[in-house]
Amino acid sequence: MNNRLMLDNNSHLLNKYDIYAFDYIEYPHKSFWSKEFSDADYREGLKDFFLSDKKHDPVVLYVHIPFCPQMCYFCLCHFSITHNYDRIKDYIIHLNKEIDVLKDFFDEHSINPNFREVHLGGGSPTYIQEKEFIEMKEKLESVCDFNKLEEFSIEIDPRRPDRDRMKFYHEQGIDRISFGVQDFDHEVQESINRVQPAELIENLLTPDIRKHFKSVNFDLLVGLPNQTKESVRNTIEKVIDIGPDRIALSFMHYSPEHNSHQKLMKKNGELPDFRDRKMLHEEAVERLVRSNYVRTGFEHFAKPTDDVAKAVEKKTVQYNSLGATSGRCSYLIGLGESSYGRVGENYYFQHLYEESLYKSTITKGEFPIFRGHKLNDDDLIRRDVIQTLRSLFFVDFHKIEEKYGIDFNKYFEEESPILDEFINDGMIKISDDSITITELGKNFSNLVCRIFDKYVRGNQFPSDFFHASNVIL
């Protein structure tokens, strides 16, 4: 039985499990991090990692470019809309100063970081013109040996670059590209203020261009205004026809109380409700799996030949802010406004959002830290369980027990009553040594992960878990 029919035959679960849950890019969620963290704490975290026995472990370097020329109504990224390119050039100047601060820290402590991946995200990093791009890359080379990289990627707004710019990215060493597609239906695109016909992307991915990039990713969204089964089906069929190596099929998170621009979508069409969103998502999932894409997590897919699909088979796949990854790098150093990183096993940090504060802090020679979190032993155990379930839909008790010196069942005995509820509903199976999320349960895997989250009410008050107010995921 396919997933869509599973939902059709278990429609009561769509009402019962209409409950909000984080997507667990990190654990604990950023909303629980402390704003008391500072430049000094960040330096301590960097030393704790780079001067430890893990100092040679591979690391990702992420660079955030927050600027866009046009607002997309669905967007939850940190962005700034501007047509003043001088503002972007000034941002690059301060970004380069931040790189200098990082380099000075590395030099002071004789640190030679093992950066193996560089990712440029936004906003729209394709907004940067070639001169500033080269200047930024040259500055990055002061802390990162690009000759040792295994991946250099960029997020692409397909409305901006032309083929010459795509060739330029290849010449600069970029070998993986990610397109913000969202949906190919024109009515849906108009409702989210992002009109980009499929032909636009096809013209950028001609064979002579595509051969330069080892991996192409498409980001798609479910839950947008005016989406229907037919429109989603047509979008997925077009995506399959183009054939990206990876696909992120995410739910659009609607939170107008924090992102007021999202209200503009409702003027252009009704948003699908929880049930419709799940059905639209499974319509897409079914077609992708039928076209031999491997499910590499709750909302990610890859061709069998892609590194991430191979990582699923090897059970090394990991999920972070970059999506489903091969697991090559567990740690991430962020640069730029709002960027965040995982520094070693025990620290999370996020940069300042406000442009003026970011620039003034950098000018003082300090890291622009907004908030952070130092994980304790319990955090480490729960993060491991949550992220393993999210990526592999399975957790082996013995591996957790051996790694952390615990008895799994005793450690999580408070979670047991809620897990029983999932068992009764056919969402999970529990044996003496493992938890497995079923095919039906994959549709709600973030809720299964939520059981192990000690920071949310659902875990502390089990009786309330199935009575949460309706929130669009």
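Preceding block: the structure.
Along every chain, residues carry numbers that run from 1 in the direction the sequence is written. Local features are withheld for residues below a pLDDT of 70 in this predicted model, meaning they are given only at 70 or higher, and side-chain atom pairs are given and counted only at 80 or more; totals for whole chains, interfaces and linings count all residues. Side-chain measures here rest on the full set of heavy atoms in the structure, leaving out hydrogens and waters.

1. Digging into the sheet that holds strand β17 (residues 394-396)
When DSSP locates at least two bridges between a pair of strands, those strands are taken to pair. Elements are defined by DSSP. Helices are runs of H or I of four residues or more, strands are runs of E of two residues or more, and each kind is numbered from the N terminus. Here three strands make up an open sheet; going across it, the order is β17-β19-β18 and the pairing antiparallel. Whereas interior strands pair on both sides, the edge strands pair on one side only; in this sheet they are β17 and β18 (428-430). On average, adjacent strands in this sheet sit at an angle of 10° to one another, irrespective of strand direction. Relative to strand β19 (residues 434-437), β17 is paired through three bridges, and the arrangement is antiparallel. From the neighbouring strand, F394 faces β19, where its bridge partner is T436. The contact criterion used throughout is that any non-hydrogen atoms of two residues lie within 4.5 Å. Convention adopted: a line fitted to C-alpha atoms gives each axis, helices being fitted over their contacting stretch, and angles between N-to-C directions are expressed from 0 to 180 degrees. On the sheet, helix α16 (residues 397-404) packs against β17, β18 and β19 and is oriented at approximately 50° with respect to β17. On the sheet, helix α18 (residues 416-424) packs against β18 and β19 and is oriented at approximately 120° with respect to β18.

2. Digging into unusual backbone geometry
With an omega of -5°, the peptide bond running from Y27 to P28 counts as cis. With respect to the helices, strands and loops of the structure, P28 is situated in the loop between α2 (11-16) and α3 (39-50). For the bond from G122 to G123, the omega torsion is 20°, close enough to zero to count as cis. Relative to the elements of secondary structure, G123 occurs in the loop between β4 (115-122) and α5 (130-140). The backbone phi angle of S110 is positive, close to 50°, even though this residue is not glycine. Among the structural elements, S110 can be located in the loop between α4 (85-108) and β4.

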